[in-house]
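In case you want the letters, here they are:
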Amino acid sequence: RTVYVNGEYLPETEAKVSIFDRAFLMADGVYEVTSVLDGKLIDFDGHAVRLERSLLELDMGVPLSRDALLEIHRELVRRNDVVDGMIYLQITRGAAADRDFVFPDPEEVPQTVVLFTQSKPGMADSPAAKTGMRVISIEDQRWGRRDIKTVQLLYPSMGKMMAKKAGVDDAWLVENGYVTEGTSNNAYFIKGNTIVTRALSSDILHGITRAAVLRFAREAQMTVEERNFTIEEAQQGDEAFITSASTFVMPVVEIDGVTLGDGKPGPKALRLREIYLEESRKAAI
Ligand code: PLP
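On a predicted model such as this, the values are computed, not experimentally measured, just so you know.

So, how was this worked out
- Residues numbered from 1 in each chain as written.
- Predicted model: local features only at pLDDT ≥ 70, side-chain atom pairs only at ≥ 80, totals over all residues.
- Helix = DSSP H or I, 4+ residues; strand = E, 2+ residues; numbered from the N terminus.
- pLDDT = per-residue confidence, 0-100.
- Near = placed C-beta within 6 Å.
- Nonpolar A, V, L, I, M, F, W, Y, C, P; charged D, E, K, R; others polar.
- Pairing = 2+ DSSP bridges.
- Axes fitted to C-alpha atoms, helices over the stretch in contact; angles between N-to-C directions.
- Parallel < 35°, antiparallel > 145°, perpendicular 65-115°, else oblique.
- Left-handed = near helix turned anticlockwise from the far one by under 90°.
- Contact = placed C-beta atoms within 7 Å.
- Domains from an automatic or database assignment.

A.B. asks: Tell me about unusual backbone geometry, and name the residues and values.
C.D. replies: In this model, D59 sits at a positive phi of 55 degrees, which is unusual for a non-glycine residue. Tracing the backbone through its elements, the reader meets D59 in the loop between α2 (44-57) and α3 (66-79). Backbone geometry at N176 places phi at a positive 50 degrees, although glycine is not the residue there.

Written out as structure tokens, the structure is:
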């Protein structure tokens, strides 16, 4: 596999970053995951805009133009013959000579830019979409700036492990009694013709897939309520689902042991998945 590191395309076995890199020592880095379908990028502009915002929120500066980033994404897709899959991009504050809490001078320490691809043939036909996912709820113990897409993913990893130990697929995070989002996705339930999901704030990541799906839902004459909701309210919903760049729209059929509806993926969630895939394929670049 060919990867990109700081301006170079290299075989993955030759790619290196410093042990002093601040992402390695302090999780001082941000990332994006962009899906590839039929060799084309899904929602690239949305991811590029959010990346710039993450960088600016952390005073990191933007090392590459949107066009340059697009070219690197496309070049990696070409070199690795990715038909369906993902591109992972990470930008860190770079490697200062010593470990220090204080940010290094960006003039002296260049950022580290790394991209690699992961092929997932047929990812749009995921069997999980046919059975639906089961989730548990756990306390949201992440930091308070979840709107910045940092590489601090230890708590989400712990959440996935708690889900795995409980024999289910994922966890929904709950803070002060209300669902924030999933460990690596945004969370929703549907009651009647209404989709409910947490409003945007620093409490959740502003999902690129979320923005697109809510737009499609409104276009399909569904009502969208962006507000706080509890696990109990979601359990009483007709359907539930999650969204993310890598899972698109994925139905949820069980929350904390309570089955939703007949335990099968709901028709509205499946329809939104169809619309999302169809429209994103059309808009892919
Ligand atoms: N929320 C969290 C915590 C995430 O990690 C992710 C994606 O990685 C999302 C939501 C979904 O965001 P997107 O649709 O942009 O992939």
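A.B. asks: Can you explain the confidence of the model for the protein? Please cite residues and give values.
C.D. replies: Predicted confidence across the protein gives a mean pLDDT of 97, with 100% of residues reaching 70 or more. Quick note on the complex model: pTM equals 0.97, ipTM equals 0.99.

A.B. asks: Tell me about the site of the ligand, and please be specific about residues and values.
C.D. replies: Among the 13 residues in the neighbourhood of the ligand, the closest are listed as L205, G207, I208, T209 and A245. Counting only elements with at least two residues in the shell around the ligand, the list comes to α6 (208-219) and β13 (239-244). No other element matches the three residues that α6 contributes to the shell around the ligand. Across the shell around the ligand, the residue classes break down as four nonpolar, seven polar and two charged.

A.B. asks: Requested: an account of the sheet that holds strand β4 (residues 40-41), with residues and values cited.
C.D. replies: Taken together, six strands build an open sheet; the order of strands is β2-β1-β6-β5-β3-β4 and the sheet is antiparallel. The open sheet is flanked by β2 (8-11) and β4, the only strands paired with a single partner. Here strand β1 (residues 2-5) runs beside strand β6 (residues 112-119); their pairing, made up of two bridges, is antiparallel. Within β6, the residue paired with Y4 across the bridge is L115.

A.B. asks: Which residues make up the packing of α6 against helix α8 (residues 267-283), and what values go with them?
C.D. replies: Axis separation between α6 and α8 bottoms out at 10 Å; the angle between their running directions is 110 degrees. The angle between α6 and α8 places the two elements in the roughly perpendicular class. Crossing hand, α6 versus α8: right-handed. Taking contact as the criterion, the partners of A212, V213, F216 and A217 in α6 are, on α8, L272, I275, Y276, E279 and S280. Each residue belonging to the contact of α6 with α8 can be placed in one class, and the counts come to seven nonpolar, one polar and one charged.

A.B. asks: Which residues make up the domain arrangement of the protein, and what values do they have?
C.D. replies: Split into domains, the protein comes out as domain 1 (2-122) and domain 2 (128-283). Of note, the centres of domain 1 and domain 2, computed from C-alpha atoms alone, are 26 Å apart. Counting residues at the interface gives 21 residues for domain 1, matched by 13 residues for domain 2. Counting only elements with at least two residues in the side of domain 1 that touches domain 2, the list comes to β3 (29-37), α2 and β5 (85-92). With eight residues, β3 is the largest single contributor of residues to the side of domain 1 that touches domain 2. Residue composition of the side of domain 1 that touches domain 2, by class: nine nonpolar, seven polar and five charged.

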